[in-house]
Amino acid sequence: MTGMSSFDTKIAVLLRDDLASWQRLNVTAFLVSGIAHVTPELMGEPYADADDTQYLPMFGQPVLVFSGTADVLTAAHRRALGRGLRFSIFTDELFHTGNDADNRAAVRAVPGEKLALAGMAVHGPKNAVDKILKGASLHR
């Protein structure tokens, strides 16, 4: 198995620390889908079991999940923008919508500095992602 340290890049999810368990799981699933979409080279090969049942591929490197306060998320958002990295976001409003069009409209209605961030996911060079996540802790 390849160790985490052998990757030059990092995939990280940052969740607000006051989310309910179901929200953490939901937000994480949505956020990493954005990373997979814009960086298909991160995807590994499809899986198969001993019976030759085929399964979908997953990321070829670990996804690290962090948590932090709303202020930590706001600062991480600002730092990611400043570094020019593409990242996905999930706002509180998205817990009350039911489809992609409404999700996008909910985000579009709020200026960036006023977004109520529930989470974000970023992929990039390890050192850049580490700086973006300053103040966050590994989710436990």
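This is a predicted model, so every value here is computed, not measured.

Asker: With reference to specific residues and values, describe the pairing of strand E4 (residues 63–68).
Answerer: By the bridge criterion, six bridges tie strand E1 (residues 9–16) to E4 in an arrangement that is parallel. When the sheet's bridge partners are listed, Leu15 is paired in E4 with Ser67. Bridging between E4 and strand E7 (residues 137–138) involves two bridges; their strand directions are antiparallel. Looking at the pairing, Phe66 lines up with Leu138 of E7.

Asker: How would you sum up the pattern of salt bridges? Please name residues and give values.
Answerer: The final tally for this structure, using the stated rule, is four salt bridges. Lys10 is the partner of Asp130 in a salt bridge, and the nearest nitrogen-oxygen pair spans 2.4 Å. With Asp130 in helix H4 (residues 126–132) and Lys10 in strand E1, this residue pair connects regions lying 120 residues apart in the sequence. Where Arg16 meets Asp92, a salt bridge forms, and the shortest distance between an N and an O atom there is 2.9 Å. In this pair, Arg16 is assigned in strand E1 and Asp92 in the loop between strand E5 (87–91) and helix H3 (100–108), connecting sequence segments 76 residues apart. Overall, Arg16 belongs to the buried group, its relative accessible area being 11%. Residue classification places Asp92 among the partly exposed residues on the basis of a relative accessible area of 25%. Three or more residues joined by partner-sharing salt bridges are found here, namely Arg16, Asp18 and Asp92.

Asker: Mind laying out the packing of aromatic side chains, listing which residues take part and the relevant values?
Answerer: Taken as a whole and assessed by the stated rule, the structure comprises three aromatic pairs. When the centroid spacing of 5.9 Å and the interplanar angle of 55 degrees are considered together, the rings of Phe30 and Phe90 count as tilted. Of this pair, Phe30 sits in helix H1 (residues 21–38) while Phe90 is found in strand E5, placing the two residues 60 residues apart along the sequence. Taking the centre distance of 5.0 Å and the plane angle of 50 degrees together, the rings of Phe90 and Phe95 count as tilted.

Asker: Would you mind going over the sheet that holds E4 in detail, with residue names and values included?
Answerer: The five strands are arranged E5-E6-E1-E4-E7 in an open sheet whose pairing can be described as mixed. Each edge of the open sheet carries a strand with a single partner, namely E5 and E7. Relative to strand E6 (residues 117–125), helix H2 (residues 70–82) is tilted by about 40 degrees, and along the sheet it contacts E1, E4, E5 and E6.

Asker: Explain the nonpolar core to me, and be specific about the residues and the numbers.
Answerer: A general tendency of soluble globular proteins is for nonpolar side chains to be buried together. In this structure, Ala12, Leu14, Phe66, Met120, Val122, Ile132 and Leu133 are the most contacted members of the largest nonpolar core, which totals 17 residues. Of all the secondary-structure elements, those providing two or more residues to this core are E1, E4, H2, E6 and H4. Considering every element that reaches this core, the biggest residue donor is H2, with four residues. Ignoring sequence-local partners within four residues, the contact set of Phe66 consists of Ala12, Val13, Leu14, Leu15, Leu133, Ala136, Ser137, Leu138 and His139. Among the nonpolar cores identified, the runner-up in size contains 16 residues, and Val13, Leu15, Phe59 and Ala121 belong to it.

Rules of the game
Residues numbered from 1 in each chain as written. Predicted model: local features only at pLDDT ≥ 70, side-chain atom pairs only at ≥ 80, totals over all residues. Heavy atoms only, no water. Pairing = 2+ DSSP bridges. Helix = DSSP H or I, 4+ residues; strand = E, 2+ residues; numbered from the N terminus. Salt bridge = Lys/Arg side-chain N within 4 Å of Asp/Glu carboxyl O. Buried < 20%, exposed > 50% of the residue type's maximum accessible area, 1.4 Å probe, protein only. Phe/Tyr/Trp six-rings, centres within 6.5 Å; stacked < 30°, edge-to-face > 60°. Contact = heavy atoms within 4.5 Å. Axes fitted to C-alpha atoms, helices over the stretch in contact; angles between N-to-C directions. Core = buried A, V, L, I, M, F, W, Y, C linked by side-chain atoms within 4.5 Å.

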